[in-house]
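Descriptive analysis of the structure
Here is what each chain is made of, one letter per residue.
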Protein chains: 2
Amino acid sequence: MDIADLSARILACERRALARAITLVESQRADHRDLANALLETLAKANRQALRIGLSGTPGVGKSTFIESFGLMLTAQGLKVAVLAVDPSSARTGGSILGDKTRMDLLARDPNAFIRPSPSQTHLGGVARRTREAVALCEAAGYDVVLVETVGVGQSETMVAEICDLFALLLAPAGGDELQGVKRGIMEMADLILVNKADGDFKPAAARTCSDYAGALRLMRKRPQDPQGFPKAMMVSALTRDGLKDAWAQMQTLTDWRRDNGFWTSRRADQARFWFDQELRHALLARLDDPAIQAQITDLSQQVSNNTITPAAAASTILARLDHS
Amino acid sequence: MDIADLSARILACERRALARAITLVESQRADHRDLANALLETLAKANRQALRIGLSGTPGVGKSTFIESFGLMLTAQGLKVAVLAVDPSSARTGGSILGDKTRMDLLARDPNAFIRPSPSQTHLGGVARRTREAVALCEAAGYDVVLVETVGVGQSETMVAEICDLFALLLAPAGGDELQGVKRGIMEMADLILVNKADGDFKPAAARTCSDYAGALRLMRKRPQDPQGFPKAMMVSALTRDGLKDAWAQMQTLTDWRRDNGFWTSRRADQARFWFDQELRHALLARLDDPAIQAQITDLSQQVSNNTITPAAAASTILARLDHS
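Residues numbered from 1 in each chain as written. Chains lettered and ligands numbered in written order. Predicted model: local features only at pLDDT ≥ 70, side-chain atom pairs only at ≥ 80, totals over all residues. Heavy atoms only, no water.

Moving on, we get to the overall build of chain A. Along the backbone of chain A there are 15 helices and seven strands. Expected size for 325 residues packed as a compact globule is a radius of gyration near 20 Å; at 22 Å, chain A falls within 12% of this value. Principal-axis analysis of the C-alpha atoms places the extent of chain A at approximately 65 × 50 × 40 Å. Per-residue burial for chain A yields a buried fraction of 54% across its 325 residues. The long-range share in chain A, meaning contacts at least 24 apart out of those at least 6 apart in sequence, stands at 76%. (Helix = DSSP H or I, 4+ residues; strand = E, 2+ residues; numbered from the N terminus. Rg over C-alpha atoms; globule rule 2.2 N^0.38 Å. Buried < 20%, exposed > 50% of the residue type's maximum accessible area, 1.4 Å probe, protein only. Contact = heavy atoms within 4.5 Å.)

Turning our eyes to something else, we now look at the interface of chain A and chain B. Taken residue by residue, the interface counts 39 residues in chain A and 39 residues in chain B. Here chain A packs against chain B, burying approximately 3400 Å² in sum over the two surfaces, 70% of which is carbon and sulfur. Sorting the residues of chain A by area buried against chain B places F276, L280 and L284 of chain A first, and these three jointly supply 20% of that buried surface. Our count for the contact surface shared by chain A and chain B stands at two salt bridges. Note that D323 of chain B is salt-bridged to R287 of chain A, the shortest N-O span being 2.8 Å. Counting residues per element, the ones that place at least two in the side of chain A that touches chain B are α3 (30-44), α8 (124-140), α13 (263-285), α14 (291-305) and α15 (311-323) of chain A. It is α13 of chain A that provides the largest number of residues to the side of chain A that touches chain B, a total of eleven residues. Its residues placed into classes, the side of chain A that touches chain B shows 22 nonpolar, eight polar and nine charged. (Buried area = accessible area lost by both parts, 1.4 Å probe. Salt bridge = Lys/Arg side-chain N within 4 Å of Asp/Glu carboxyl O. Nonpolar A, V, L, I, M, F, W, Y, C, P; charged D, E, K, R; others polar.)

Here the focus is the pairing of strand β5 (residues 166-171) of chain B. Residue and element names in this part refer to chain B. Of all the six residues making up β5, six are buried; the element is thus mostly covered by neighbouring parts of the structure. Pairing between strand β1 (residues 51-56) and β5: four bridges, direction parallel. Bridge pairing in β5 places I53 opposite L166. As paired elements, β5 and strand β6 (residues 192-195) share four bridges and run parallel to each other. Bridge pairing in β6 places L171 opposite V195. (Pairing = 2+ DSSP bridges.)

Now for unusual backbone geometry. Between F230 of chain A and the following residue, P231 of chain A, the backbone shows a cis peptide bond with an omega angle of -10°. With respect to the element layout, P231 of chain A can be found in the loop between α11 (203-218) and β7 (232-235). Its identity as a non-glycine residue notwithstanding, K197 of chain A has a phi of 65°, on the positive side. Mapped onto the elements, K197 of chain A comes out in the loop between β6 (192-195) and α11. Unlike most non-glycine residues, N47 of chain B shows phi in positive territory, near 55°. Residue N47 of chain B is classed as exposed on the basis of its relative accessible area of 51%.

All names here are of chain B. In this model helix α4 (residues 63-76) runs 20 Å from its N-terminal to its C-terminal C-alpha over 14 residues, within 8% of the 20 Å that 1.5 Å per residue would give. Among the 14 residues that make up α4, twelve are buried, leaving the element largely enclosed by the rest of the structure. Positive phi appears at G78, one or two residues downstream of α4, with a value of about 90°. (Expected span 1.5 Å × (residues − 1).)

Moving on, we come to the relation of the copies chain A and chain B. After a rotation of 180° and a shift along the axis of 0.1 Å, chain A superposes on chain B with an RMSD of 0.1 Å. In short, the pair behaves as if placed about a two-fold rotation axis. By residue overlap, the copies meet face to face through one surface: 100% of the interface positions of chain A are interface positions in chain B. (Least-squares fit on C-alpha atoms with pLDDT ≥ 70 in both.)

What holds strands together in a sheet is hydrogen bonding between their backbones, with the strands either parallel or antiparallel. All names here are of chain B. What the seven strands build is an open sheet, ordered β3-β2-β4-β1-β5-β6-β7; its pairing is parallel. Among the strands making up the open sheet, the edge pair consists of β3 (113-115) and β7 (232-235). Across the sheet, the axes of successive neighbouring strands diverge by a mean angle of 20°, strand direction being ignored. One ladder, built from six bridges, connects β1 with strand β4 (residues 145-150); its direction is parallel. Residue pairing across strands places I53 opposite L147, the latter belonging to β4. Lying over the sheet, α4 contacts β1, β2 (81-86), β3, β4, β5 and β6, oriented at roughly 180° with respect to β4. (Axes fitted to C-alpha atoms, helices over the stretch in contact; angles between N-to-C directions.)

Quick look at the environment of A249 of chain A now. Examined against the element boundaries, A249 of chain A turns out to sit in helix α12 (residues 244-260). Placed 123 residues apart in sequence, A249 of chain A and G126 of chain A show a C-alpha to C-alpha distance of 33 Å.

Looking now at the state of the cysteines. All told, the structure shown has zero disulfides over all chains when counted by the stated rule. No disulfide involves C164 of chain A; its sulfur sits 11 Å from the nearest other cysteine sulfur, which is in C138 of chain A. (Disulfide = S-S within 2.5 Å.)

All names here are of chain B. One can find W264 in helix α13 (residues 263-285). Its relative accessible area of 7% is what places W264 among the buried residues. Once the C-alpha coordinates of W264 and N112 are considered, the two residues, 152 residues apart in sequence, prove to be 25 Å apart. Beyond its immediate chain neighbours, meaning those up to four positions away, W264 contacts Q49, A50, L51, D165, T255, R258 and R259.

In this section: helix α1 (residues 3-11) of chain B. Residues and elements named next belong to chain B. For α1, the set of buried residues is I3, L6, S7 and I10. Seen along its axis, α1 keeps its buried residues to an arc of 100°; they face one direction. Looking at the buried positions of α1, the neighbouring elements they touch are α2 (15-26), α3 (30-44) and α8 (124-140). Taken from the residues just after α1, C13 is the one with a positive phi, measuring 60°. (Arc of directions from axis to C-beta.)

Our focus in this paragraph is the packing of aromatic side chains. Here the distance between the centres and the angle between the planes together describe a pair of aromatic rings. Residue and element names in this part refer to chain A. Within this structure, the stated rule accounts for ten aromatic pairs over all chains. Taking 5.0 Å as the distance between ring centres and 85° as the angle between the ring planes, the aromatic pair formed by F274 and W275 counts as edge-to-face. Judged by relative accessible area, which is 24%, F274 ranks as partly exposed. By relative accessible area, W275 is classed as buried at 1%. Through a chain of ring-to-ring contacts, three or more aromatic side chains come together here, namely F66, F70 and W248. (Phe/Tyr/Trp six-rings, centres within 6.5 Å; stacked < 30°, edge-to-face > 60°.)

The next thing to look at is the side chain of T150 of chain B. With respect to the helices, strands and loops of the structure, T150 of chain B is situated in strand β4. Separated by 2.6 Å, the side chain of T150 of chain B and the backbone oxygen of V86 of chain B make a polar contact. (Polar contact = N/O pair within 3.5 Å; in protein donor to acceptor, adjacent residues only side chain to side chain.)

Another point: the confidence of the model for chain A. Residues with a pLDDT of 70 or more make up 91% of chain A, whose mean pLDDT is 89. Across residues 91-98 of chain A, confidence stays below pLDDT 50; counting only partners more than four residues off in sequence or on other chains, it has nine contacts. (pLDDT = per-residue confidence, 0-100.)

Now the structure itself:
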């Protein structure tokens, strides 16, 4: 594989080259990993940055429709949009290769949009590490906005927040006065809460839900990285496209303020350190994947479960083996 | 330190020797770790087993009073009781050395009881690893029952369940019909739900709470490791000591059934394998604690945050360094 050539094609925004590069970073082969690292190093020199938007929402809130409408609005403004996913359920089932594209039919056919489903790996950590690199590839290809979507299950949001510049939570109008069981930790990550389906019969319920969340956000501790009025709850309709322009305007206001006040840079620096730590732990633990080590682990597990060796002593045995191999 | 002598004194149930051995397993010094491993290996040969009871309950449910009353009831029957703690908050503050003993004044002065506060380490994983070894030391010293208490915050319960043979959840009577926000995951771990304070004015509320939980338990999926009627909700009063004998009888019924049906042995074997995995990961990651490596990590973190090296490439640099050191 010619990394210089692939790099040039990505910088020229060839979508096939981008897709191929993402496949490369997702590969679990050691030689592919070396190539992926070299490619990412080369592309980092171009120093291109997109606005990275994390978007979370449980199934049923209309996430795909929102991404399609929002993405088409952005491409209509001449912006280039990439959509990536961190989907732990798809990771479990081995990934749905076509699922994400068929859900967003119009956006998928837009020449200024690029849609890529979640990498199919067994661990959320692995999915997130590779998605972060896919985001970097999209930035190098000149995409202006990268949307990283995930399902509202907790840990994947934390990972997506460590990839993105801002985090939006998409909700459906709720019946009662309950806050739909949104976990506090996820609320605390949100920069924007978007109450979707604010159209037709749902509009009054959406207004009520929006007002409930606005109240809840006001009760939360002020974060240094927020200008006055943020985090913010607002209504949108992916169906009628009402509110989408305003949502985008709010994202820009927030982003401009954070850039001007140093938070954009400091957040990206913090995130880079976070991923360095993640990569380091992962690479270190990957040493246990060696087949000979695995065989010894299986043998020692048996002894440990028979109580003929303590867990700590068994661990020391493996560590000593790693030292002398 | 003479491990053979210390081992003999522990087997003779000298409390000072036991306390000293627990301090040894809690030490973070590498030479102490080697001694601790040698001691645990020696003591494992005695193959003594206690009934390990995990006990969780949020502050205010009367956990200390319950442990004192329950412990005194057991010692009055001629049983030897050890009380250990996995307390993530104490881990955060550096540990309260006398706290646990002063809370359980009568039990602490009982010659057949041994009380030890939570080890003061920064990570829950470290606290739990060392507590598991302290439990093994108490078993070698001939304690019949080892109570491992923790506060109801989620992850520490999972750790305690991986140490114990059975898991009891202590609750206070609730006002309404709400299930006190007990997390589903914790409910699913419980073998016994003990509604405390079933005395005086609280008795009707305790009966209602007990019945609510009994209903919730019936709705849960049947677990293979449970005999008919388990998991079970029951009322106790740590104050009047009502229900404590019955709670103990239920624990014995459950334990006898599990022993007879192979679940005691298989659970201990599973737990040993779990802790082998934990020890192995911890020991491997501990290689990054070397001062020279830490210095290089700090340097690379700076470069990573300046975007002059990618996180994956920085991680590869450290890994290569570990290989050649």
